[in-house]
Amino acid sequence: MRRRPPVAEPILYSFRRCPYAMRARMALAISETAVEHREVVLRDKPEAMLEASPKGTVPVVVLDDGTVIDESIDVMRWSLGQSDPEDWLSGDDREFIAMIDGPFKHHLDRYKYSTRHDSDPAEHRAGAYAILEQLEERLAQSRYLCGTSRSMADIATFPFIRQFANTDREWFDAQPLPHLQRWLGEHLESGLFKQIMVKHNQWKAP
């Protein structure tokens with residue numbers, strides 16, 4: 001976290017299709033945290049966002065006291081710390097989330113963007129699939145990743161499973177992962193996901 005000049009209300013810099021921004025927006029929405037939404041185009045990042053967070057990734061939240069939060073998990077934990085009506089923080093399985101953000105994301109990027117990474121997509125699809133099998137085992141035991149209701153672990157994970165599935169949806173749907181496929185479909189059809197995927201025009205500084 002860093003400090004910027006105070007603002008009237010928290011500002012959110014976001015990009016609609018970014019999975020990190022998706023999970024942050026879902027936490028902000030469920031906690032009913034009011035923010036000024038500033039939709040950015042990643043190839044045309046606004047100077048105000050880069051001044052707040054020079055690394056240039058979304059999401060970025062600038063709090064009303066000028067504090068900057070530029071990691072999606074930290075945005076989730078901050079907003080749920082203000083209000084957590086569904087008790088998502090009870091499912092803040094840090095080791096599990098680290099596996100998604102670390103090994104799974106590593107394989108996902110090299111499967112989805114194999115040309116960019118000069119990687120073997122089949123090798124990395126297999127690496128990611130081994131982790132999906134762990135999710136399948138969890139979801140065979142309970143409806144959600146940490147119990148009977150959706151929580152932090154589900155919301156932090158879902159956008160990346162969506163991205164993996166969409167890389168080759170026909171292949172994904174043919175895999176023996178019925179519990180994971182049911183879980184993914186439920187999140188895709190949820191009112192919360194549809195709410196945070198509403199399109200916004202690109203924000204421009206006045």
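First, a word on scope: everything that follows refers to the structure included in this document. Predicted, not measured: the structure shown is a model, and the values here were computed from it. (Residues numbered from 1 in each chain as written. Predicted model: local features only at pLDDT ≥ 70, side-chain atom pairs only at ≥ 80, totals over all residues. Heavy atoms only, no water.)

Here we look at the packing of aromatic side chains
Thinking step 1. Within the structure shown, the criterion is met by eight aromatic pairs.
Thinking step 2. Relative to Trp171, the ring of Tyr129 has its centre 5.9 Å away and its plane inclined at 70°; by these criteria the two rings are edge-to-face. Of this pair, Tyr129 sits in helix α6 (residues 121–141) while Trp171 sits in helix α8 (residues 169–173), and the two are 42 residues apart along the sequence.
Thinking step 3. A relative accessible area of 14% means that Tyr129 is categorised as buried.
Thinking step 4. An aromatic cluster is built from Phe104, Tyr111, Tyr129, Phe164, Trp171 and Phe172, whose rings are joined through pairwise contacts.
Thinking step 5. Above the plane of the ring of Tyr113 lies Arg116, whose end atom (NZ or CZ) is 4.2 Å from the centre.
Thinking step 6. When the ring centre of Trp171 is taken as origin, the NZ or CZ atom of Arg125, which lies over that ring, is 4.0 Å away. (Phe/Tyr/Trp six-rings, centres within 6.5 Å; stacked < 30°, edge-to-face > 60°. Helix = DSSP H or I, 4+ residues; strand = E, 2+ residues; numbered from the N terminus. Buried < 20%, exposed > 50% of the residue type's maximum accessible area, 1.4 Å probe, protein only. Lys NZ or Arg CZ within 6 Å of the ring centre and 35° of its normal.)

Section: the packing of α6 against helix α7 (residues 152–167)
Thinking step 1. Contact geometry for α6 and α7: axes closest at 12 Å, N-to-C directions at 135°. What the angle tells us is that α6 and α7 run oblique. Classified by chirality, the crossing of α7 by α6 is left-handed. Residues Arg125, Ala128, Leu132 and Leu135 of α6 lie in contact with α7, whose contacting residues are Thr157, Ile161 and Phe164.
Thinking step 2. When its residues are assigned to classes, the contact of α6 with α7 shows five nonpolar, one polar and one charged. (Axes fitted to C-alpha atoms, helices over the stretch in contact; angles between N-to-C directions. Parallel < 35°, antiparallel > 145°, perpendicular 65-115°, else oblique. Left-handed = near helix turned anticlockwise from the far one by under 90°. Contact = heavy atoms within 4.5 Å. Nonpolar A, V, L, I, M, F, W, Y, C, P; charged D, E, K, R; others polar.)

With respect to the packing of α6 against helix α9 (residues 178–188)
Thinking step 1. Orientation of α6 relative to α9, taken along the N-to-C sense of each, is 85°, at an axis distance of 7 Å. One element, α6, and the other, α9, form an angle in the roughly perpendicular class. Seen from α6, the contacting residues are Leu132, Leu135, Glu136, Leu139 and Ala140; seen from α9, they are Pro178, His179, Leu180, Arg182 and Trp183.
Thinking step 2. Grouping the amino acids of the contact of α6 with α9 by side-chain chemistry returns seven nonpolar, one polar and two charged.

Points about the nonpolar core
Thinking step 1. In this structure, Phe104, Leu132, Leu135, Leu180 and Trp183 are the most contacted members of the largest nonpolar core, which totals 42 residues.
Thinking step 2. Secondary-structure elements contributing two or more residues to this core are α1 (19–30), α3 (72–82), α4 (94–112), α6, α7, α9 and α10 (191–196).
Thinking step 3. When residues in this core are grouped by element, the largest group, nine residues, is from α7.
Thinking step 4. Excluding its chain neighbours within four sequence positions, the residues that come into contact with Trp183 are Leu139, Arg143, Tyr144, Leu145, Asp154, Thr157, Phe158 and Ile161.
Thinking step 5. One finds Ala21, Val40, Val62 and Val68 within the second-largest nonpolar core, a separate group that totals 13 residues. (Core = buried A, V, L, I, M, F, W, Y, C linked by side-chain atoms within 4.5 Å.)

Quick notes on the side chain of Asp154
Thinking step 1. Looking at the secondary structure, you find Asp154 in helix α7.
Thinking step 2. There is no salt bridge for the buried Asp154, and the closest opposite charge comes from Arg182, which lies 7.5 Å off by N-O distance.
Thinking step 3. Reaching out from Asp154, the side chain makes a polar contact with the backbone nitrogen of Ser151 at a distance of 3.0 Å.
Thinking step 4. Other than its neighbours up to four places away in sequence, Asp154 contacts Tyr144, Leu145, Cys146, Ser149, Trp183 and His187. (Lys, Arg positive; Asp, Glu negative; His and termini not counted. Salt bridge = Lys/Arg side-chain N within 4 Å of Asp/Glu carboxyl O. Polar contact = N/O pair within 3.5 Å; in protein donor to acceptor, adjacent residues only side chain to side chain.)

Some points on the pattern of salt bridges
Thinking step 1. With the rule as written, the count across this model stands at 14 salt bridges.
Thinking step 2. A salt bridge links Arg150 to Glu86, with the shortest nitrogen-to-oxygen separation between them at 2.8 Å. In this pair, Arg150 sits in the loop between α6 and α7 while Glu86 sits in the loop between α3 and α4, placing the two residues 64 residues apart along the sequence.
Thinking step 3. Notably, a salt bridge pairs Arg94 with Asp92, separated by 3.6 Å at the nearest N-O pair.
Thinking step 4. Assessed through its relative accessible area of 53%, Arg94 is described here as exposed.
Thinking step 5. Three or more residues are tied together by salt bridges with common partners; here these are Arg77, Asp92 and Arg94.

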